Amino acid sequence: MAVRGVDIACDRPQKVHLRGMRAMVAARYPLESFMGRFTRNLRLLSCAGALSLLAGCGSLLTGPTPQLDTFELTAPQLESRSVRSRMQILVAEPSALKSLDSQNILIEVAPGEIAYLKGAQWADRLPRIVQARLADAFQRGGGFAGVGRPGEGLAIDYQVVMELRTFGVRVSGGQRAEVDIFVKLLNDRNGTVRAARNFTASVPVGGGDNDAYVRAINAAFATVARDIVNWTASTL
């Protein structure tokens, strides 16, 4: 039986390939694909720019790290003594309260009230500097067979044990650098104290800048260090 007016082939379901359709759409609408990528990249660039701006603002708010004037102590000038003793001594690191056991340069603004010298610091922790400079002074003018610090392997007869009690500038009642160090001479073989003494010095500050403050402190320390070396040499 013939059927007229109907195309049988067109009534059959057709298979559609999605991959092919995408290619056709991309080929037909290339501008839309380009605009999508452009919009996405623009968003990424905007986010990166915002982060950079925030980082820049953060650096402006905090500002650059200020540079600190860094200072050292110097060993006192002593007359050289010939070795007159076979004793060997050890210069121990001084003990100190936390206010002195740092790189900060202490200022006593009033009795019981302390601050630190602005824009300045010691080159190392203060007790380590005092230990090193006193060891230098003993080596130059103590007249001992050997002078060392812990870890150097010397066979020790006596230890020079110190406590930093005052080390800075006192501004109440006139600006003066003051150094106070308590010293014990400890027999390393039996643990007995041979002698003990307190050493102090006070030097007026000759200016208002950091250099003037540190020069006065260094002068007071030189006086104390010289007295410690001479006393130890005469005692032992």
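Residues numbered from 1 in each chain as written. Predicted model: local features only at pLDDT ≥ 70, side-chain atom pairs only at ≥ 80, totals over all residues. Heavy atoms only, no water.

1. Digging into the overall build of the protein
Phase 1: Within the protein, the secondary structure is distributed over four helices and ten strands.
Phase 2: Ordered by position in the sequence, the α and β elements of the protein form the string α-α-β-β-β-β-β-β-α-β-β-β-β-α.
Phase 3: Relative to its full complement of 236 residues, the protein shows a buried share of 33%.
Phase 4: Considering only intrachain contacts with a sequence separation of at least 6, the fraction spanning at least 24 residues in the protein is 70%. (Helix = DSSP H or I, 4+ residues; strand = E, 2+ residues; numbered from the N terminus. Buried < 20%, exposed > 50% of the residue type's maximum accessible area, 1.4 Å probe, protein only. Contact = heavy atoms within 4.5 Å.)

2. Examining the packing of aromatic side chains
Phase 1: What the rule picks out here adds up to four aromatic pairs.
Phase 2: For the pair Phe199 and Trp231, a centre-to-centre distance of 5.4 Å together with 65° between the ring planes defines the contact as edge-to-face. Here the residue Phe199 occupies a position in strand 10 (residues 193–204), and Trp231 occupies one in helix 4 (residues 210–235), the gap between them amounting to 32 residues. Residues Phe199 and Trp231 agree in their burial class; the two are buried.
Phase 3: In textbook terms, an aromatic cluster arises when at least three aromatic residues are bridged by ring pairs, as seen for Trp122, Phe167 and Phe221. (Phe/Tyr/Trp six-rings, centres within 6.5 Å; stacked < 30°, edge-to-face > 60°.)

3. A few points about the environment of Asp209
Phase 1: Residue placement: Asp209 occurs in the loop between strand 10 and helix 4.
Phase 2: With 91 residues separating them along the chain, Asp209 and Lys118 place their C-alpha atoms 9.9 Å apart.

4. Observations regarding the nonpolar core
Phase 1: Within the largest apolar cluster, 50 residues are counted, with the highest numbers of intra-cluster contacts made by Trp122, Val130, Phe138, Phe167, Ile181 and Val183.
Phase 2: Every element with two or more residues in this core is listed here: strand 2 (88–91), strand 4 (106–110), strand 6 (120–122), helix 3 (126–141), strand 8 (158–170), strand 9 (176–187), strand 10 and helix 4.
Phase 3: Counting residues per element, this core draws most heavily on helix 4, which supplies twelve residues.
Phase 4: Ignoring sequence-local partners within four residues, the contact set of Ile181 consists of Val130, Met162, Glu163, Leu164, Phe167, Arg197, Asn198, Phe199, Val224 and Ile228. (Core = buried A, V, L, I, M, F, W, Y, C linked by side-chain atoms within 4.5 Å.)

5. Quick look at the environment of Ile107
Phase 1: If you trace the backbone, Ile107 turns up in strand 4.
Phase 2: Its relative accessible area of 8% is what places Ile107 among the buried residues.
Phase 3: With near-sequence residues (within four places) excluded, Ile107 lies in contact with Glu113, Ile114, Ala115, Tyr116, Leu117, Val169, Val171 and Tyr213.

6. Section: the confidence of the model for the protein
Predicted coordinates in areas of low pLDDT are best not read in detail.
Phase 1: On average, residues of the protein carry a pLDDT of 80, and 72% of them reach 70 or more.
Phase 2: The low-confidence segment residues 1–18 (pLDDT under 50) makes three contacts with residues lying over four places distant or belonging to another chain.
Phase 3: With pLDDT under 50 throughout, residues 25–32 is counted as low confidence; its partners more than four residues away or in other chains account for zero contacts. (pLDDT = per-residue confidence, 0-100.)

7. A word on the pairing of strand 4
Phase 1: Where strand 4 meets strand 5 (residues 113–116), four bridges bridge the pair, whose relative direction is antiparallel. Within strand 5, the residue paired with Leu106 across the bridge is Tyr116.
Phase 2: Linking strand 4 to strand 5, which pair antiparallel, is a turn of two residues; within it Gly112 sits at a positive phi near 80°. (Pairing = 2+ DSSP bridges.)

8. Quick word on the pairing of strand 10
Phase 1: In terms of strand pairing, strand 9 meets strand 10 through eleven bridges, oriented antiparallel. From the neighbouring strand, Leu185 faces strand 10, where its bridge partner is Ala195.
Phase 2: Linking strand 9 to strand 10, which pair antiparallel, is a turn of five residues; within it Gly191 sits at a positive phi near 80°.

9. A closer look at the side chain of Asn210
Phase 1: Topologically, Asn210 is positioned in helix 4.
Phase 2: Judged by its relative accessible area of 16%, Asn210 falls in the buried class.
Phase 3: Only 3.2 Å separates the side chain of Asn210 from the backbone oxygen of Lys118, close enough to count as a polar contact. (Polar contact = N/O pair within 3.5 Å; in protein donor to acceptor, adjacent residues only side chain to side chain.)

10. Topic: the packing of helix 3 against helix 4
Phase 1: Relative to each other, helix 3 and helix 4 sit at 50°, their axes nearing to 10 Å. With respect to each other, helix 3 and helix 4 are oriented oblique. Between helix 3 and helix 4 lies a crossing whose hand is right-handed. Between helix 3 and helix 4, the residues in contact are Val130, Arg133, Leu134, Ala137, Phe138 and Gly141 and Phe221, Ala225, Ile228, Val229 and Thr232, respectively.
Phase 2: When the residues that make up the contact of helix 3 with helix 4 are grouped by side-chain class, the tally is eight nonpolar, two polar and one charged. (Axes fitted to C-alpha atoms, helices over the stretch in contact; angles between N-to-C directions. Parallel < 35°, antiparallel > 145°, perpendicular 65-115°, else oblique. Left-handed = near helix turned anticlockwise from the far one by under 90°. Nonpolar A, V, L, I, M, F, W, Y, C, P; charged D, E, K, R; others polar.)

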